[in-house]
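Structural features, examined
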Amino acid sequence: MNLPATGRRVLISGASRGLGRAVAQAFAENGDRVAVHYGSREEEARATFDSLEGDGHVLVGGDLSDPAGAADVAGRAADGLGGIDVLVNNAAVNLPHPLADTSYEDWAGLWQRHVSVNLLATANLSHLAARRMIDQGSGGRIVNIGSRGAFRGEPDHPAYGATKAAVHALGQSLAVSLAPYKIAVASVAPGFFETERVAHRLSGAEGAAIRAQSPFGRAGTAQEIAAAVLWLASPVAEWASGSVLDLNGASHLRT
């Protein structure tokens, strides 16, 4: 296999905090070089960048919801790293919009926002990165961050659940089309996991209910998700291409 196990050039979208930060740190600890992308949280992205082991990492800001912005991000990441071997599509929005309590104007706007970031940005970055991998001729990996909500439904966040289901389907389509170029594509579908953004939800009755979703009696961690992403991006995970890996502590089982 031409894809190395370390020293790879990795673009991670939405890496300013939370899972994106944990994924960036996991790749850096593995000896890879990372392009840390951020949308608007430059200060937090710099904190992620400063936390990475090794050197040769780059910081790339840009609006992925705009196709030209996505192309600019991919281009600057590739220039800074000297190419792209691994893409992790992590950037996403998840804003509440329960139908009964949301005006039509807000509903339409929020759906557009979710589709633009969660689905179209993922599709566009995948094209931009895969074309570089094909031209490099050494294979590559694309790992998409999906969600348990794609399968069990998200009543207060329907656009999030729908776009994450579409991300899973996109990954499987690309897994078939890119296999001849030795590019493997897979997705992870996390359940609830703790980050600074959702830490407030883990207190009180809501926190107890969230932990009770899993028979392990706890929420997941960003590091557990990041470890799975790192494995799916490895040379030995080629045969996992096309998979959607459930990471939810047995809180939602599907056949």
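Attention here is on the structure that accompanies the text. (Residues numbered from 1 in each chain as written. Predicted model: local features only at pLDDT ≥ 70, side-chain atom pairs only at ≥ 80, totals over all residues. Heavy atoms only, no water.)

Concerning the packing of helix α3 (residues 67-81) against helix α4 (residues 104-136)
With their axes 9 Å apart at the nearest point, α3 and α4 run at an angle of 35 degrees to one another. Between α3 and α4 the crossing geometry is right-handed. Contacts from Pro67, Ala70, Ala71, Ala74, Gly75 and Ala78 of α3 reach α4 at Asn124, Leu125, Leu128 and Arg132. The class makeup of the residues in the contact of α3 with α4 is seven nonpolar, two polar and one charged. (Axes fitted to C-alpha atoms, helices over the stretch in contact; angles between N-to-C directions. Helix = DSSP H or I, 4+ residues; strand = E, 2+ residues; numbered from the N terminus. Left-handed = near helix turned anticlockwise from the far one by under 90°. Contact = heavy atoms within 4.5 Å. Nonpolar A, V, L, I, M, F, W, Y, C, P; charged D, E, K, R; others polar.)

A closer look at α3
For α3, built from 15 residues, the straight-helix expectation of 21 Å at 1.5 Å per residue is met to within 8% by its first-to-last C-alpha distance of 21 Å. For α3, the full list of buried residues reads Gly69, Ala70, Val73, Ala74, Gly75, Ala77, Ala78 and Leu81. Looking at the packing, one finds that the buried side of α3 touches β1 (9-12), β2 (33-38), β3 (58-61) and α4. Positive backbone phi, approximately 85 degrees, marks Gly82, located one or two places after α3. (Expected span 1.5 Å × (residues − 1). Buried < 20%, exposed > 50% of the residue type's maximum accessible area, 1.4 Å probe, protein only.)

Topic: the sheet that holds strand β9 (residues 244-247)
Note on sheets: strands pair through backbone hydrogen bonds, and any given pair is parallel or antiparallel. Read from one edge of the open sheet, seven strands run β3-β2-β1-β4-β5-β6-β9, paired in parallel fashion. For this open sheet the edge positions go to β3 and β9, each flanked by a neighbour on one side alone. Going from strand to strand, the sheet's axes swing by 20 degrees on average, the running direction of each strand aside. The pairing of β1 with β2 spans four bridges and is classified as parallel. Residue Arg9 lies in a different strand from β2, and its bridge partner there is Arg33. Its contacts with the sheet put helix α1 (residues 18-29) on β1, β2, β4 (86-89) and β5 (140-145), and the angle it makes with β1 is roughly 175 degrees. Here helix α8 (residues 222-232) sits on the sheet in contact with β4, β5, β6 (183-190) and β9, set at roughly 165 degrees to β6. (Pairing = 2+ DSSP bridges.)

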